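Below are the chains, spelled out letter by letter.
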Amino acid sequence: MSERGLHVRLSQAAPVPLDVELSCAPGEVLGIFGPSGSGKTTILRAIAGLHTPEAGRVTVGGEVWLDTAAGRVVPVHERAIGFVFQEYALFPHLTALGNVLVALGHRPREARRRRAGELLDLVRLADVRHRRPEALSGGERQRVALARALARDPAVLLLDEPFAAMDRAVRRRLQDEVDVLRRMLDIPLVIVTHDFDDIVRLATHLLVLRAGRTVAAGPLQDVTSRPDVGWLGETVGAGVVIDAVVARTHDARGLAELTFDGGTLVAPDQALAAGAQVRVRVPAREVILAASPPERVSLHNVLEGVVAAVAPDARGTVAVVQVAVGPTRILAEVTRDAVERLGIAEGCIVYALVKSVSLEVLASGAG
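A brief structural summary. Bear in mind the structure is a predicted one, so any value in this text is a computation, not a measurement. (Residues numbered from 1 in each chain as written. Predicted model: local features only at pLDDT ≥ 70, side-chain atom pairs only at ≥ 80, totals over all residues. Heavy atoms only, no water.)

Structural notes on the packing of helix α4 (residues 138-150) against helix α5 (residues 168-185)
Stage number 1. Viewed as axis vectors pointing N to C, α4 and α5 meet at an angle of 15 degrees, and their least axial separation amounts to 11 Å. In this view, α4 runs roughly parallel relative to α5, as classed from their interaxial angle. The handedness of the crossing between α4 and α5 is right-handed. Judged by residue contacts, Gly139, Gln142, Arg143, Leu146 and Leu150 of α4 engage Val170, Leu174, Glu177, Val178, Leu181 and Leu185 from α5.
Stage number 2. Among the residues making up the contact of α4 with α5, the classes are represented as seven nonpolar, two polar and two charged. (Axes fitted to C-alpha atoms, helices over the stretch in contact; angles between N-to-C directions. Helix = DSSP H or I, 4+ residues; strand = E, 2+ residues; numbered from the N terminus. Parallel < 35°, antiparallel > 145°, perpendicular 65-115°, else oblique. Left-handed = near helix turned anticlockwise from the far one by under 90°. Contact = heavy atoms within 4.5 Å. Nonpolar A, V, L, I, M, F, W, Y, C, P; charged D, E, K, R; others polar.)

Here it is in structure tokens:
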């Protein structure tokens, strides 16, 4: 992990139990996902200096912001943090421009207005810079909050439920804008969310949290392809997230070929452009396993692989099978009876059948 990155270790018994360690390098997006009360927001507040845990250490770019063992606690205003709160926390009496200007106190006076204008241009709000929050839409207020967070020239950007209470169309547009920003900034970005769609769209890494403890952590594809992360499967459904590239489209057939490390998937076109990077979520319950290559079937995707792991779910009647397709791992959710009937065990060859219409394809947040 780069010294320029964010490194966090936190421990406390109350008010929210925590025992967690995480890292995030520049250019990475760490998604923190877990149920309400699991400590997600407390982690962000500890990084920002708004909460001091019983024990912990926070470093950013090699600079120590918190070290309880050494008695070091850097105050909030001395931490180069950009924090976007769920409720935006804008000053209602100030315009969009004014809200950004108040975060630029560290810059020379003559440079502040120019920089505020640049940031509002960056989030596409130049036309509404003189409006107060009450005259802005929810999406516009969120973008003002983003611009204000960036005004601090942050060493790390923290987003706490940034798209909550927004409809799907607005959420997707804001996800796109955050993705563009993080590609430009080259700083660690940590996002707390209750909507797994935000994780699929934006995250490069994932920390699954439950009751203040880490359930799983690592690169997004690695975590989502684990068959043993039962809580994640119970809440959002087991399913791997794969980065792929649109190899070609077939307009007449309404299909697109997506290449990934391990093979090719065929999905509905959805106006995809050849060469575009996409993210594909393959729901485990939509994957059928066969012991031999199927013949004369309607689906397009038949992937040959090797069983890497078999994990029973909490109910005991269903198993999650991890299949290695080249270097990529996909999951299939099948009955225990199917495992026994087909003789599915580690090391055996199987064929994963995936319906094209079951694939969830999004513009990639991985590049």
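Moving on from the model shown.
Side note on the packing of aromatic side chains
Stage number 1. Throughout the structure, instances matching the rule amount to two aromatic pairs.
Stage number 2. Taking the centre distance of 5.1 Å and the plane angle of 70 degrees together, the rings of Phe33 and Phe196 count as edge-to-face. Placement of Phe33 in strand β3 (residues 29-33) and of Phe196 in helix α6 (residues 196-202) is noted, with a sequence separation of 163 residues between them. For the pair formed by Phe33 and Phe196, the shared burial category is buried.
Stage number 3. A ring pair is formed by Phe83 and Phe85, whose centres lie 4.2 Å apart and whose planes are at 5 degrees; its orientation type is stacked.
Stage number 4. Since its relative accessible area comes to 22%, Phe85 is described here as partly exposed. (Phe/Tyr/Trp six-rings, centres within 6.5 Å; stacked < 30°, edge-to-face > 60°. Buried < 20%, exposed > 50% of the residue type's maximum accessible area, 1.4 Å probe, protein only.)

Side note on the pairing of strand β13 (residues 255-260)
Stage number 1. In terms of burial, β13 is a largely internal element, five of the six residues being buried.
Stage number 2. Alignment of strand β12 (residues 239-250) against β13, held across five bridges, turns out to be antiparallel. In the strand pairing of β13, His250 is matched with Leu255.
Stage number 3. The loop that links β12 with its antiparallel partner β13 comprises four residues; one of these, Gly254, has a positive phi angle of about 70 degrees.
Stage number 4. Adjacent in sequence and paired antiparallel, β13 and strand β14 (residues 263-268) are bridged by two residues, among which Gly262 carries a positive phi angle near 135 degrees. (Pairing = 2+ DSSP bridges.)

With respect to the sheet that holds strand β18 (residues 318-325)
Stage number 1. Strand order in the open sheet formed by five strands is β16-β20-β17-β18-β19, with antiparallel pairing between adjacent strands. In this open sheet, the two strands that pair with only one neighbour each are β16 (287-290) and β19 (328-335). The sheet shows a mean angle of 45 degrees between the axes of neighbouring strands, taken without regard to direction.
Stage number 2. Sheet analysis places β18 next to β19, joined by eight bridges and oriented antiparallel. Among the inter-strand pairings, Ala324 is bridged to a residue of β19, identified as Arg329.

So, the pattern of salt bridges
Stage number 1. Scanning the entire structure with this criterion turns up 19 salt bridges.
Stage number 2. With a shortest N-O distance of 3.1 Å, Asp153 and Arg107 are connected by a salt bridge. A residue pair is termed long-range when its members are at least 10 positions apart, and Asp153 in the loop between α4 and β8 (156-160) and Arg107 in the loop between α2 (96-101) and α3 (109-122) qualify at 46 residues.
Stage number 3. You can call Asp153 partly exposed: its relative accessible area is 34%.
Stage number 4. Note that Asp179 is salt-bridged to Arg201, the shortest N-O span being 3.6 Å. A residue pair is termed long-range when its members are at least 10 positions apart, and Asp179 in helix α5 and Arg201 in helix α6 qualify at 22 residues.
Stage number 5. The exposure class of Arg201 is buried, given its relative accessible area of 4%. (Salt bridge = Lys/Arg side-chain N within 4 Å of Asp/Glu carboxyl O.)

Observations concerning the side chain of Glu161
Stage number 1. Structurally, the position occupied by Glu161 is in the loop between β8 and α5.
Stage number 2. Although Glu161 is buried, it makes no salt bridge; Lys40 carries the closest opposite charge, 4.8 Å away.
Stage number 3. A distance of 2.8 Å separates a polar atom in the side chain of Glu161 from a polar atom in the side chain of His194.
Stage number 4. Each residue touching Glu161, except ones within four places of it in the same chain, is listed here: Lys40, Gln86, Val192, Thr193 and His194. (Lys, Arg positive; Asp, Glu negative; His and termini not counted. Polar contact = N/O pair within 3.5 Å; in protein donor to acceptor, adjacent residues only side chain to side chain.)

What to know about the sheet that holds strand β21 (residues 360-363)
Stage number 1. Pairing is antiparallel in the open sheet, where five strands are placed in the order β14-β13-β12-β15-β21. The two strands at the open ends of the sheet, each matched to only one other strand, are β14 and β21. Pairs of neighbouring strands in the sheet enclose a mean axial angle of 40 degrees, with direction left out of account.
Stage number 2. Bridge analysis of β12 against strand β15 (residues 277-283) gives seven bridges, and the strand direction is antiparallel.

Quick word on the environment of Ala345
Stage number 1. Relative to the helices and strands, Ala345 is located in the loop between α9 (336-342) and β20 (349-354).
Stage number 2. Judged by relative accessible area, which is 37%, Ala345 ranks as partly exposed.
Stage number 3. Through-space distance from the C-alpha of Ala345 to that of Val310 is 6.9 Å; in sequence the pair is 35 residues apart.

A closer look at the pairing of β15
Stage number 1. Of all the seven residues making up β15, six are buried; the element is thus mostly covered by neighbouring parts of the structure.
Stage number 2. The sheet contact formed by β15 and β21 spans four bridges and is antiparallel. Its bridge partner lying in β21, Arg281 is registered against Glu360.

Digging into α5
Stage number 1. The end-to-end C-alpha distance of α5, which contains 18 residues, comes to 26 Å, matching closely the 26 Å that a straight helix rising 1.5 Å per residue would cover.
Stage number 2. Where α5 is concerned, the buried positions are Val170, Arg171, Leu174, Gln175, Glu177, Val178, Asp179, Leu181 and Arg182.
Stage number 3. Looking one or two places after α5, you find Asp186, whose phi comes out positive at around 55 degrees. (Expected span 1.5 Å × (residues − 1).)

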